[in-house]
Amino acid sequence: MPVSDSGSNKELQSIAGIDRLIHEPARLMIMAYLYVVESADFLFLMRQTGLTPGNLSSHTSKLEAAGYIEIVKEFVDRKPHTMLRLTDAGMGAFQEYRERMMKVLG
Amino acid sequence: MTQNINLKEIEKKAYRDSQQDGLMEVMMGLILMTFGGFFYSPVFAFYILLIVFAGRIVEFIRRRYTHPRIGFVKFHKDDSKDALTGVFLFEVTVIVIMFTLISLFGNVKDYSQWVDWAPLFFGMILVGPFAHAQSRSGNVRYTGYAILSVILGLFFSLTEFASGSTGLILYLVLMGGFLFISGLFIFAMFLRRYPLATTGGA
């Protein structure tokens, strides 16, 4: 087998290492938004991503369970307010995901 | 590369959406109008207070009207630091250019020449914050404000008035008034477009 083939095979095989948790479109959107800002609240993310409250809540719970995002629930003017931010682990995972995708897709 | 561009676009959209209430225009317009309108008045102290508390006033109104409608977002501090450095360098460049032009074509020691060209000076100074807002948000309305600011500045610098400072005062009141009214209009449209969300901030 030529060397270049084995090289491209390696790159293709790296698809298997892609983080499936981030790869899901809705979660990828959430991660991308939280990557470019320091933090955002639930309503802002809902408006930006176009996800329903239930959908967003379910995806953010999964990302929180993986340690990728931090969710802080507080009360502002006696109303519940949820702030979300990317953790260091989430930042690293997202960067790695981007690098892998760029390697595979060029 | 494509991924990088997309992230930049996402950031721009987030910034644009966070500024869509028009409150920055309202505050900027109010500051310019107060500066022009009360320059020779004892109420000028009010202007200082307005500048000191401008950020807090906008934040207070946003907490009551903007955040419950579109949510709240906090941007990375490093981004705004770099941008503010850029705006500062631009303002220094404008001051140097104005100084050089007056030195070459006029008399630097003649106070009246500085007063005559003050509207254009302010008009160019305002380009800095507008260019910053345009580059961060990608919103063309800021380019419009920057162009209007320079054109009005040039107009009031070239027009002769009985009193030297009249041109500057008229420029500040007109430009400020335009921004204030535009901001109020954008804010009214924003309130109409985004009725209070029933889901709250859960």
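The rules behind the values
Residues numbered from 1 in each chain as written. Chains lettered and ligands numbered in written order. Predicted model: local features only at pLDDT ≥ 70, side-chain atom pairs only at ≥ 80, totals over all residues. Heavy atoms only, no water. 1 Å grid on protein atoms, 1.4 Å probe; cavity = no way out; pocket = protein on both sides within 12 Å on 5 of 7 lines; lining within 4 Å. Points joined across faces, edges and corners; volume = space filled by probe spheres on them. Helix = DSSP H or I, 4+ residues; strand = E, 2+ residues; numbered from the N terminus. Expected span 1.5 Å × (residues − 1). Buried < 20%, exposed > 50% of the residue type's maximum accessible area, 1.4 Å probe, protein only. Polar contact = N/O pair within 3.5 Å; in protein donor to acceptor, adjacent residues only side chain to side chain. Axes fitted to C-alpha atoms, helices over the stretch in contact; angles between N-to-C directions. Parallel < 35°, antiparallel > 145°, perpendicular 65-115°, else oblique. Left-handed = near helix turned anticlockwise from the far one by under 90°. Contact = heavy atoms within 4.5 Å. Nonpolar A, V, L, I, M, F, W, Y, C, P; charged D, E, K, R; others polar.

**Q** I'd like a rundown of the layout of surface pockets, residues and numbers included.
**A** Residue and element names in this part refer to chain B. The volume enclosed by the largest pocket comes to roughly 1,300 Å³. Tyr15, Gln19, Met24, Arg62 and His132 are the residues nearest the centre of the largest pocket, which is lined by 37 residues in total. Those elements that place two or more of their residues in the lining of the largest pocket are helix 1 (2-18), helix 2 (23-37), helix 3 (44-70), strand 1 (73-74), helix 4 (77-105) and helix 5 (111-137).

**Q** I'd love a proper account of helix 3 (residues 25-36) of chain A, names of residues and values included.
**A** All names here are of chain A. When the terminal C-alpha atoms of helix 3 are compared, their 17 Å separation across 12 residues agrees well with the 16 Å that a helix rising 1.5 Å per residue should span. For helix 3, the buried fraction is high: nine of the 12 residues fall into the buried class. Among the residues of helix 3, Ala26, Arg27, Ile30, Met31, Ala32, Tyr33, Leu34, Tyr35 and Val36 are the ones counted as buried. Among the residues of helix 3, the N-terminal cap falls to Glu24, whose side-chain oxygen and the backbone nitrogen of Ala26 are separated by 2.9 Å.

**Q** Give me the packing of helix 3 of chain A against helix 4 (residues 42-49) of chain A: which residues, what numbers.
**A** Residue and element names in this part refer to chain A. Two elements in contact, helix 3 and helix 4, have axes whose closest approach is 10 Å; the angle formed by their N-to-C orientations is 120°. For the element pair helix 3 / helix 4, the angle class is oblique. Judged by the twist between their axes, the crossing of helix 3 over helix 4 is right-handed. Here Met29, Ile30, Tyr33 and Leu34 of helix 3 come into contact with helix 4, specifically with Leu45, Gln48 and Thr49. Residues of the contact of helix 3 with helix 4, tallied by class, amount to five nonpolar, two polar and no charged.

Such coordinate-based values are descriptive only and should not be taken to indicate function.
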